[in-house]
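# Reading the structure
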Amino acid sequence: NPLSAAISSFVPSWDSTQSMDDAFKEAVGFAQKILTNEIDQIKSIDRANELLNEAYKDAKNGVLILPQYAPWQDFVKSKPEINFVIFPGRRNDYTIQGVQKTPPQTELKVSFPREWLGQPPEFLNQQVEGLMFCHPGNFIASAKTLEAATAVVDKIYEIQKEIENPNHDNNESR
């Protein structure tokens, strides 16, 4: 156990002038800090799950919109209908993150359009107003506003539908 080994390292060496009691007190403080951090992490996960469950109630069109970032990856594993997660970014923008099919696969359930990947903001903004960034690795994008972020997802679905049914419009007009 790594924690046990770390605590054992507090035992004074044979030629140390430090008392065993002082070493023990240091070890207790060290262990207490680690356990406090672990408890804080568990509480943080509980708070995240609370936020995610609340946001999930309003999820529509395969999109989970969060009021703030929270670790969502484990949460969506049991939500096969969720394809994208949107949350406020760090640069006064909104992040659009694709959901993986089944980790550890990195392939997304619904990909960003290949022609968007790594393109400059000027090009992206012509595709969807407010789209500012689309990572070349096809897993994340950002938009200026929440409305723009949801419009990005709508456009992705529209493009996907056109790819899946290329003759759909042609057949209807006949």
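What this report covers is the structure whose coordinates are included nearby. The shown structure was predicted, so the numbers you read here are calculated from the model rather than taken from an experiment. (Residues numbered from 1 in each chain as written. Predicted model: local features only at pLDDT ≥ 70, side-chain atom pairs only at ≥ 80, totals over all residues. Heavy atoms only, no water.)

### Some remarks on the sheet that holds strand E2 (residues 84-88)
To keep it simple, the criterion reads: Note on pairing: two strands pair once DSSP finds at least 2 bridges between them. Counting from the N terminus, the helices are DSSP H or I runs at least four residues long and the strands are E runs at least two residues long. Think of each axis as a best-fit line through the C-alpha atoms, taken over the contacting stretch in the case of a helix, with angles from 0 to 180 degrees between the N-to-C directions. Contacts are assigned to residue pairs that have any heavy atoms within 4.5 Å of one another.
Spatial ordering of the open sheet is given by E1-E2-E3-E5-E4, a layout of 5 strands whose pairing is mixed. Taken across any chain shown, the strands that pair with only one partner, and hence form the sheet edges, are strand E1 (63-65) and strand E4 (131-134). This sheet shows a mean twist of 20 degrees between the axes of neighbouring strands, independent of strand direction. The pairing of E4 with strand E5 (residues 140-143) spans 3 bridges and is classified as antiparallel. Residue pairing across strands places Phe133 opposite Ser142, the latter belonging to E5. Strand contacts of helix H5 (residues 146-164): E1, E2, strand E3 (94-98), E4 and E5, with the helix running at about 165 degrees to E2, the strand carrying the most contacts.

### Some details on the nonpolar core
To keep things clear, this is the line we draw: Among buried residues, the Ala, Val, Leu, Ile, Met, Phe, Trp, Tyr and Cys ones that are joined through side-chain atoms within 4.5 Å form a nonpolar core. The classification of residues rests on relative accessible area computed with a 1.4 Å probe and restricted to protein chains. Under 20% of the type maximum is buried, over 50% is exposed, and intermediate values are partly exposed.
Phe84, Ile96, Phe112 and Trp116 are the most contacted members of the largest nonpolar core, which has 21 residues in total. Of all the secondary-structure elements, those providing two or more residues to this core are E2, E4, E5 and H5. Sort the elements by how many residues they give to this core and H5 lands first, with 7 residues. The contacts of Phe112, once residues within four sequence positions are left out, are Phe84, Ile96, Gly98, Leu117, Cys134, Asn138, Phe139, Ile140, Ala141 and Ile156. Core analysis: the second largest hydrophobic core is formed by 14 residues, Trp72, Val76, Ile82 and Val99 among them.

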